[in-house]
Amino acid sequence: MEKNRESLPLDRKVTSRDVARVAGVSQSTVSRVFSDVSSVKPELKERVYRAAEEIGYRPNLVARGMISGKTNVIGLVVGDSLGPFYNRIINKFAEAIQKMGKQCLIFKVPRQDQLGKIVERVLQFQVEAVIVTASAMTKVMAEVILENNVPVILFNRFIPGLDISTVYVDAVNGATTVAEYLYQKGHRNIGYIQYIKETGEELEKKIGFYSKLRQYGIFQIKEETAEYDYQSGFEAGIRLLSGENAPSAIFCTSDLIALGVMDAARKELGLRIPEDVAIVGYDDIEMSSWESYSLTSVHQPVEEMIEKTMEILDNLLKGEKRRDIKMFNPMLKKRNSV
């Protein structure tokens, strides 16, 4: 078979016609084999695959998708403030999408004023469906995609009045659980460090946390803001703990922020955790369980959420139109920081 490759001009790209000639079949048979048509006999598939490998043929899946309208590509839209939690989600989705025989194409939303360009780019790639994560989602974005008849699933955020399938965690409940736990542990002077941007998820956390504390008669809560990163959390921790009447407990709406606060308390201010100040985070990233931190954190069932999302995706790709909404409850992972 090697002579078959050598007989082709070196500057010419190998085509499906070449595969058909070498395998002794029609070009339509080659196309059907690489389109994974189940009616093709196994021995015929093997002959075509062997011929393709020996002459170095690689099917142009993008071109085939443009012609057939089926690209086998699923778009995953993410925000610009990622960190370990969303990086883990991206990896899990990529694995799950490939497992179902499709490819994952990631689109990053850098700023709100570029949403229109991102949506246009997503649609230009003729993706079969779009999964949009909470950190990137807006109601306008979802509606534009839907208008172009592309199935959309919203992940990790619920937007009332939006007629799309949604998989999310009850962030109100998660923050409520933290407030109740800190109160039960005897804390009355409590601090709160939130993400610097007012996202829907952040608003839900604040509603849950503040509402529960107010039920207990606690109305004065010291606040700070930070980016979703360690250094910003470190600096916010110093600001919050250096002032007069510093809080005895702090709830951070991100684990990365909380880890920065913990190191600021111990290394810069000489405070003991949890004896002098208790710290609680959110997301339960892997570093939270490290012995040097042992951070109490709100755990989100990511594996179960992605599994449900993939189930909805499969149904949408099969033409199901029913809107599917699934809410998961978070769980407080209690460790040594409280």
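For the structure itself, consult the block above.
These numbers were taken from a predicted model, which means no experiment stands behind them.

**Comments concerning the sheet that holds strand β4 (residues 152-155)**
And step 1. Strand order in the open sheet formed by six strands is β2-β1-β3-β4-β5-β11, with parallel pairing between adjacent strands. Looking at which strands have only one partner, the edges of the open sheet turn out to be β2 (103-108) and β11 (325-328). Mean inter-strand twist for the sheet, computed between neighbouring axes without regard to direction, equals 15 degrees.
And step 2. Bridge count for strand β5 (residues 165-169) against β11 is four bridges, and the pairing is parallel. Counted as the bridge partner of Val-167 is Lys-326 from β11.

**Looking at the packing of aromatic side chains**
And step 1. Counted under the stated rule, the structure contains 13 aromatic pairs.
And step 2. Considering the side-chain rings of Phe-93 and Phe-155, the 5.0 Å spacing of their centres and the 80 degrees angle between planes classify their relative orientation as edge-to-face. Of this pair, Phe-93 sits in helix α6 (residues 83-99) while Phe-155 is found in strand β4, placing the two residues 62 residues apart along the sequence. Across the pair, Phe-155 and Phe-93 agree in class, each one buried.
And step 3. On the basis of an interplanar angle of 85 degrees and a centroid distance of 5.4 Å, the ring pair of Tyr-192 and Tyr-210 is categorised as edge-to-face. Of this pair, Tyr-192 sits in strand β6 (residues 190-195) while Tyr-210 sits in helix α10 (residues 200-215), and the two are 18 residues apart along the sequence. Considered together, Tyr-192 and Tyr-210 belong to a single accessibility category, that of buried residues.

**Quick look at the nonpolar core**
In summary, soluble globular proteins display a tendency toward joint burial of nonpolar side chains.
And step 1. Within the largest apolar cluster, 65 residues are counted, with the highest numbers of intra-cluster contacts made by Ile-193, Phe-209, Ile-250 and Ile-279.
And step 2. One finds Val-119, Val-130, Val-150 and Val-152 within the second-largest nonpolar core, a separate group that totals 17 residues.

Rules of the game
- Residues numbered from 1 in each chain as written.
- Predicted model: local features only at pLDDT ≥ 70, side-chain atom pairs only at ≥ 80, totals over all residues.
- Heavy atoms only, no water.
- Pairing = 2+ DSSP bridges.
- Helix = DSSP H or I, 4+ residues; strand = E, 2+ residues; numbered from the N terminus.
- Axes fitted to C-alpha atoms, helices over the stretch in contact; angles between N-to-C directions.
- Phe/Tyr/Trp six-rings, centres within 6.5 Å; stacked < 30°, edge-to-face > 60°.
- Buried < 20%, exposed > 50% of the residue type's maximum accessible area, 1.4 Å probe, protein only.
- Core = buried A, V, L, I, M, F, W, Y, C linked by side-chain atoms within 4.5 Å.

By themselves, these figures tell us nothing about what the structure is for.
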